Amino acid sequence: PYFSSDIIHNDSRNTLKTFSSLSRYVFIISAPISIWLYFNAHELTSILFGRGEFSVSAVLYTGNVLQVLSAGMPFIFLSKIITPLYSSSKFAIPFFSITAASVFLNIILNVLLFPSFGYLIIPLTYVVTNILLSSSLLLFMFAFDVMAHIKILALFALKLLIYFALFTIPFILLSAHY
């Protein structure tokens with residue numbers, strides 16, 4: 001609702017302020033959760049699924065999946081902020097196209113890579129396509145000046161994308177050893 005109201009009233013300053021605040025909060029919230037989940041994924045899945053019908057190997061596999069997903073959590077959270085920004089603007093159709101391409105890429109990568117990499121390719125492609133989706137939407141925002149001539153927002157978003165990437169890439173590389 002905040003973005004819609006600001007866009008309708010052409011209040012680019014408030015849109016920038018809201019997006020900037022939300023992005024910072026998302027990073028402040030998602031970074032510690034991501035780190036904690038990455039290093040405690042196996043313990044958490046053991047607590048949740050270690051009893052009952054789940055075998056030790058199923059708990060281990062689930063921990064591996066959670067570990068990979070935790071690496072991409074900042075981008076997953078960021079895409080949830082970008083979505084209302086686009087859906088409340090006149091660029092809803094390009095947003096839908098970029099999102100649909102991301103979904104198709106996810107499906108294609110899963111189908112092609114699953115035989116070689118197994119079950120871990122599913123969360124890995126989800127993380128990779130979320131990184132590509134967030135990057136594409138932010139680059140689209142910058143290239144086509146989505147928010148009515150506020151390049152400051154696009155530059156802030158690109159800077160944020162770089163911070164998120166620098167945070168996420170080491171975790172993805174660490175997850176690759178499974």
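In what follows, the accompanying structure is described. (Residues numbered from 1 in each chain as written. Predicted model: local features only at pLDDT ≥ 70, side-chain atom pairs only at ≥ 80, totals over all residues. Heavy atoms only, no water.)

1. Some words on the environment of Val56
Tracing the sequence through the fold places Val56 in helix H3 (residues 56–71). Between the C-alpha atom of Val56 and that of Ser46, which follows or precedes it by ten residues, the distance is 8.3 Å. (Helix = DSSP H or I, 4+ residues; strand = E, 2+ residues; numbered from the N terminus.)

2. Brief notes about the side chain of Ser134
In this fold, Ser134 is placed in helix H6 (residues 121–143). Polar side-chain contacts of Ser134 include one of 3.4 Å to the backbone oxygen of Phe75. Apart from the residues within four sequence positions on either side, Ser134 is in contact with Phe75, Leu78, Ser79 and Ile82. (Polar contact = N/O pair within 3.5 Å; in protein donor to acceptor, adjacent residues only side chain to side chain. Contact = heavy atoms within 4.5 Å.)

3. Section: the environment of Leu44
On the secondary structure map, Leu44 appears in helix H2 (residues 12–49). Accessibility expressed as a relative area gives 24% for Leu44, which makes it partly exposed. Between the C-alpha atoms of Leu44 and Val59, which are 15 residues apart in sequence, the distance is 9.4 Å. For Leu44, the contacting residues outside a window of four places in its chain are Trp36, Leu37 and Leu66. (Buried < 20%, exposed > 50% of the residue type's maximum accessible area, 1.4 Å probe, protein only.)

4. Details of the packing of aromatic side chains
Using the criterion set out here, one finds three aromatic pairs in the structure. Residues Tyr61 and Tyr119 carry aromatic rings whose centres are separated by 4.9 Å and whose planes lie at 50 degrees to one another, so their mutual orientation is tilted. In this pair, Tyr61 is assigned in helix H3 and Tyr119 in the loop between helix H5 (92–117) and H6, connecting sequence segments 58 residues apart. On the accessibility criterion, Tyr119 (28% relative accessible area) is partly exposed. (Phe/Tyr/Trp six-rings, centres within 6.5 Å; stacked < 30°, edge-to-face > 60°.)

5. Considerations on the nonpolar core
Where a protein is soluble and globular, its nonpolar side chains tend to be buried together. Counting 14 residues, the largest nonpolar core has Phe19, Ile82, Tyr86, Ile98, Leu137, Leu138 and Phe140 as its most contacted members. Elements represented by at least two residues in this core include exactly H2, helix H4 (73–87), H5 and H6. With five residues, the top contributor of residues to this core is H4. (Core = buried A, V, L, I, M, F, W, Y, C linked by side-chain atoms within 4.5 Å.)

6. Points about H5
With 26 residues, H5 extends 35 Å between its outermost C-alpha atoms, agreeing within 8% with the 38 Å of an ideal straight helix rising 1.5 Å per residue. Of all bends in H5, the biggest is about 35 degrees, found at Val111, and the proline Pro115 comes one to four residues later. Phi turns positive, to about 80 degrees, at Gly118, one or two residues after H5. (Expected span 1.5 Å × (residues − 1). Bend = angle between axes of the 7 residues up to and from the residue.)

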